[in-house]
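Next come the chains, spelled out residue by residue.
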Amino acid sequence: MSTLRSRNESAWLLPAGPGSNLLLREDMRRFRHEEEVDIVIVGCGAGGATLLQRLSRAGWRAVALEAGPFWEPEQDWVSDEAGSHHLYWTEPRVITGKDPVPLGSNNSGRGVGGSMVHFAGYTPRFHPSDFRTWSEDGVGADWPLEYAELREFYEDIEGELPVAGEHWPWGDPHSYPHRPHPVSGNGELFLRGANACGITAKVGPVAIANGRFGNRPHCIYRGFCLQGCKVNAKASPLITHVPDALAHGAEIRADSMATRVGFDEHTGLATGVEYVRGGLRRFQRARMVAVAGYSIETPRLLLNSTSPRFPDGMCNDFDQVGRYLMVQGAPQTAGRFQAEVRMWKAPPPEVSTEEFYETDPGKPYKRGFSIQTVSPLPITWAEHVAAQGHWGPALRRHMSDYPHWACLGALCEFLPLAGNRVTLAEETDRNGIPVACFTYSQCDNDRRLMSAAQKVMEQILTAAGAEEVITINRYAHLVGGARMAAGERDGVVDRNLRSFAVPNLLVTDGSVLPTQGSANPALTIMALAARAARVLIRGARKGAPASEKED
Ligand SMILES: Cc1cc2nc3c(=O)[nH]c(=O)nc-3n(C[C@H](O)[C@H](O)[C@H](O)COP(=O)(O)OP(=O)(O)OC[C@H]3O[C@@H](n4cnc5c(N)ncnc54)[C@H](O)[C@@H]3O)c2cc1C
Ligand code: SF4
């Protein structure tokens with residue numbers, strides 16, 4: 001525990017009980033625009049906040065620009081689905097392709113803490129095979145990084161969130177710092193059905209404190225994780241990394257929308273970030289820039305950062321920016337049970353299985369899927385039922401029957417395809433900046449995985465005793481768009497998340513993932529950012545100027 005506190009004291013800097021340490025915010029260091037800080041980070045979510053905390057602790061003068069607000073959970077969040085819409089990034093975007101992906105509540109957040117403020121809380125690791133799908137399975141791409149190089153960062157972040165769960169037998173088998181949570185009716189039915197089908201399922205891994213953690217209290221199982229946990233039991237950078245960053249001299253400038261990365265034609269280096277705050281356009285000078293605005297906004301910012309050197313967008317010499325953007329296929333199957341299940345009475349993330357994660361040579365598809373409990377609250381449940389075609393009296397009947405339903409969700413590993421990408425649309429946003437256009441089409445492998453996952457979920461719920469099962473198809477999690485690669489013709493950043501084209505520019509969010517496995521991505525994004533920070537700090541200690549590469 002002492003090692004943990006010496007690495008990150010956030011949980012002890014929060015007040016005992018709910019709420020935030022407002023004093024830390026009031027006393028936050030404030031830099032002047034004309035002052036050249038060591039690093040300016042765009043976006044204060046999973047990747048951005050982790051980098052900010054690590055670098056501030058190492059003495060870097062760091063500023064994070066965050067488009068959304070600095071949340072105060074006690075005032076800004078409510079335990080109510082309809083009242084939580086403001087947590088999502090709902091700025092205009094254009095979607096197209098054969099299988100367009102709806103954007104908004106199911107894929108991105110805004111505000112300090114990023115999408116993890118309203119993420120479900122599942123924090124599995126990627127499997128070693130995810131880092132070399134091309135070599136092992138002939139699909140996807142190999143990462144320029146091995147799983148073993150990320151292991152210690154996974155362990156560190158699991159300690160800091162902290163993660164609770166049973167010993168994990170899949171991928172690189174490992175244990176978690178907190179013991180597994182007790183499970184609700186939904187979780188019990190998953191365990192029962194899986195057991196009957198001979199499928200191993202385990203409780204966890206979830207970034208929800210099981211017992212007191214620092215000043216953070218135990219989860220009270222009230223089920224509003226996707227609305228922002230008012231209790232502070234569920235992890236998000238707002239409570240897991242931001243307090244420590246502020247205590248170590250970081251500045252977080254909320255309500256600040258970055259519009260362009262500055263570039264010096266003579267030095268070939270990034271010079272800082274232009275942003276809009278309160279209707280005014282400003283520029284923060286910096287020795288180094290990190291972009292961490294999530295998979296759609298990161299490529300959009302780079303594409304909008306044009307200059308004589310980069311007429312098609314920064315770091316886009318080889319037309320890689322915005323490409324290989326991925327979603328996971330996320331079908332959901334609900335089952336109706338005679339007895340009341342009351343799936344809302346617990347955190348939605350409880351139990352999962354990774355039995356189907358790896359390529360099975362006997363199947364007509366490569367890679368695989370995971371299955372997890374999901375517990376839609378009433379509005380999301382209505383969407384689920386309506387997506388099945390039920391409307392009017394049939395919809396009302398399903399709604400009054402809500403307590404009797406259990407629900408599982410799959411995450412299918414959709415493959416990275418060059419044509420699935422972000423470009424700039426003709427439409428502009430309220431700041432006059434072109435909005436992102438996201439083109440997405442599935443391949444045959446993707447469709448086969450969705451249908452295989454559906455069969456297994458229906459089998460599990462039926463084996464648990466469901467009288468009726470209904471499945472809807474949907475997507476979850478956006479990653480890729482500025483991927484890491486071994487060379488500049490195949491990606492945007494190197495293994496240390498530093499861009500190939502501009503030596504003092506990094507990308508430190510989910511955009512850098514070359515593949516996505518069938519694991520939820522937040523833990524991996526944080527681990528990658530923590531690793532990138534370590535490389536930067538070591539390089540700086542060696543006296544290397546910010547623009548030099550080091551490993
Ligand atoms: C409903 C939902 C449930 C999820 N559940 C899970 C889960 O259970 N487990 C899991 O691992 N993952 C889950 N995720 C996904 C996970 O939250 C994201 O993958 C992760 O947070 C992405 O991290 P990031 O650093 O790439 O971006 P984010 O955490 O989204 O941070 C990006 C930040 O950048 C800001 N920003 C963007 N553009 C700009 C700009 N131009 N200027 C300034 N700021 C900008 C945004 O406001 C945002 O705060 C879920 C996501 C959603 C939406
Ligand atoms: S169920 Fe637990 S983690 Fe989720 S919102 Fe409630 S207290 Fe927070």
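Our subject is the structure that appears above.
Anyway, here's the lowdown on the structure attached to this text. (Residues numbered from 1 in each chain as written. Chains lettered and ligands numbered in written order. Predicted model: local features only at pLDDT ≥ 70, side-chain atom pairs only at ≥ 80, totals over all residues. Heavy atoms only, no water.)

## Let's talk about the pairing of strand β16 (residues 434-439)
Note the following rule: Two strands qualify as a pair provided DSSP detects at least 2 bridges between them. Only runs of H or I of at least four residues qualify as helices and only runs of E of at least two qualify as strands under DSSP, and these elements are numbered from the N terminus.
As paired elements, strand β3 (residues 94-96) and β16 share three bridges and run parallel to each other. Residue pairing across strands places T96 opposite T439, the latter belonging to β16. Linking two consecutive strands that pair antiparallel, namely strand β15 (residues 421-428) and β16, is a turn of five residues; a positive phi of about 80 degrees is found at G432 within it.

## Considering the packing of helix α4 (residues 46-57) against helix α7 (residues 151-160)
Quick reminder of the rule: Every angle, taken between N-to-C directions, lies between 0 and 180 degrees, and every axis is a line fitted to C-alpha atoms, over only the stretch in contact when it is a helix. Any angle that falls under 35 degrees is termed roughly parallel, while one over 145 is termed roughly antiparallel, one within 65 to 115 roughly perpendicular, and all others oblique. Here, two residues are considered to be in contact whenever any of their heavy atoms come within 4.5 Å of each other.
Packing of α4 against α7 brings their axes to within 14 Å, and their N-to-C directions diverge by 95 degrees. Viewed along their axes, α4 and α7 adopt a mutual orientation that is roughly perpendicular. Side by side, α4 and α7 meet where T50, Q53 and R54 of the first sit next to D156, I157 and E160 of the second.

## Focus on the site of ligand 1
Heads up, the condition is: Think of it this way: one heavy atom of a residue within 4 Å of a molecule or strand is enough to make that residue near it. Here a polar contact means two N or O atoms within 3.5 Å. Within protein one must be a hydrogen donor candidate and the other an acceptor candidate, and residues neighboring in sequence count only if both atoms are side-chain atoms. Per-residue and other accessible areas follow the Shrake-Rupley method at a 1.4 Å probe size, with only the shown protein chains counted as cover for residues. Each residue gets one label: Ala, Val, Leu, Ile, Met, Phe, Trp, Tyr, Cys and Pro are nonpolar, Asp, Glu, Lys and Arg are charged, and the others, such as Gly, are polar.
Within the structure, ligand 1 sits among 39 residues, and E66, S115, Y122, A258 and A522 are positioned closest to it. Take G111: an N or O atom from its main chain is 3.1 Å from an oxygen atom of ligand 1. About the coverage of ligand 1: the protein hides 97% of its 990 Å² of free accessible area. At the level of secondary structure, the elements contributing two or more residues to the shell around ligand 1 comprise α4, β6 (257-264), α11 (294-304) and α15 (522-541). Grouping the constituent residues of the shell around ligand 1 by class yields 17 nonpolar, 18 polar and four charged.

## Concerning the site of ligand 2
What counts here: Both cavities and pockets are sets of points on a 1 Å grid over the protein atoms alone; in a cavity a 1.4 Å probe fits but cannot get out, in a pocket the set is open with protein on both sides within 12 Å along at least five of seven lines, and lining residues sit with an atom within 4 Å of a point. Here the criterion for a molecule occupying a pocket or cavity is that more than half of its atoms lie within 2 Å of the pocket grid points.
Around ligand 2, the neighbouring residues are I208, C219, I220, Y221, R222, G223, F224, C225, C229, V231, K234 and P347. Most atoms of ligand 2, that is more than half of them, are within 2 Å of grid points of the largest cavity. Within the shell around ligand 2, the residues separate by chemical class into nine nonpolar, one polar and two charged.

## Side note on the sheet that holds β3
Spatially, β3-β16-β15 is the arrangement adopted by the three strands of the open sheet, whose pairing is mixed. Single-partner strands in this sheet number two, and they are β3 and β15. Each neighbouring strand pair of the sheet contributes to a mean axis angle of 30 degrees, computed without reference to strand direction. Strand direction decides the pairing type here: β15 and β16, joined by five bridges, are antiparallel. The partner of T423 across the bridge, within β16, is C437. In the packing of α11 onto the sheet, contacts are made with β15 and β16, and the angle to β15 comes to roughly 70 degrees.

## Here we look at helix α13 (residues 393-400)
Put simply, the rule is: Throughout, exposure labels follow a simple rule: accessible area from a 1.4 Å probe, protein chains only, divided by the maximum for the residue type, with under 20% read as buried, over 50% as exposed, and the rest as partly exposed. For this quantity, the arc is that covered by the directions from the helix axis to the C-beta atoms.
For α13, every residue scored as buried is listed here: A394, L395 and H398. Buried residues along α13 cover an arc of 100 degrees about the axis, so they all sit on one side. Turned more than 90 degrees away from the buried face of α13, the exposed residues are P393, R396, R397 and S400. Here the buried face of α13 lies against α12 (378-387), β14 (405-412) and β17 (468-472).

## Some points on the pattern of salt bridges
What counts is decided by this rule: When a carboxyl oxygen of Asp or Glu lies within 4 Å of a side-chain nitrogen of Lys or Arg, that pair is called a salt bridge.
A complete count under the given rule lists 35 salt bridges for this structure. E274 is paired through a salt bridge with R281; the nearest N and O atoms lie 3.3 Å apart. A residue is classified by how much of its surface remains accessible, and E274, at 16% relative accessible area, is buried. The salt bridge partner of R342 is E340, with a shortest N-O separation of 2.8 Å. Each of the salt bridges in this network shares a partner with another, and the network as a whole consists of D130, D137, E358, R367 and E413.

## Brief notes about the side chain of T240
Locating T240 in the fold gives a position in helix α9 (residues 237-240). Given the relative accessible area of 2%, T240 is considered buried. In this structure T240 touches N8, S10, E160, L161, R216, A235 and M526, once residues within four positions along its chain are discounted.

## Let's talk about α12
Burial in α12 covers these residues: W381, A382, H384 and V385. Seen along its axis, α12 keeps its buried residues to an arc of 160 degrees; they face one direction. Tucked into the core, α12 has its buried residues touching β11 (332-336), α13, β14 and β17. At the C-terminal side of α12, G389 shows a positive phi close to 100 degrees.

## What to know about unusual backbone geometry
Between L161 and P162 the backbone carries a cis peptide bond, its omega angle lying at -20 degrees. Structurally, P162 is set in the loop between α7 and α8 (185-196). The linkage connecting G204 with the following residue, P205, adopts the cis geometry, with an omega of -10 degrees. Along the chain, the position of P205 falls in the loop between β4 (202-203) and α9. Phi is positive for C315, which is not a glycine, with a value near 65 degrees.

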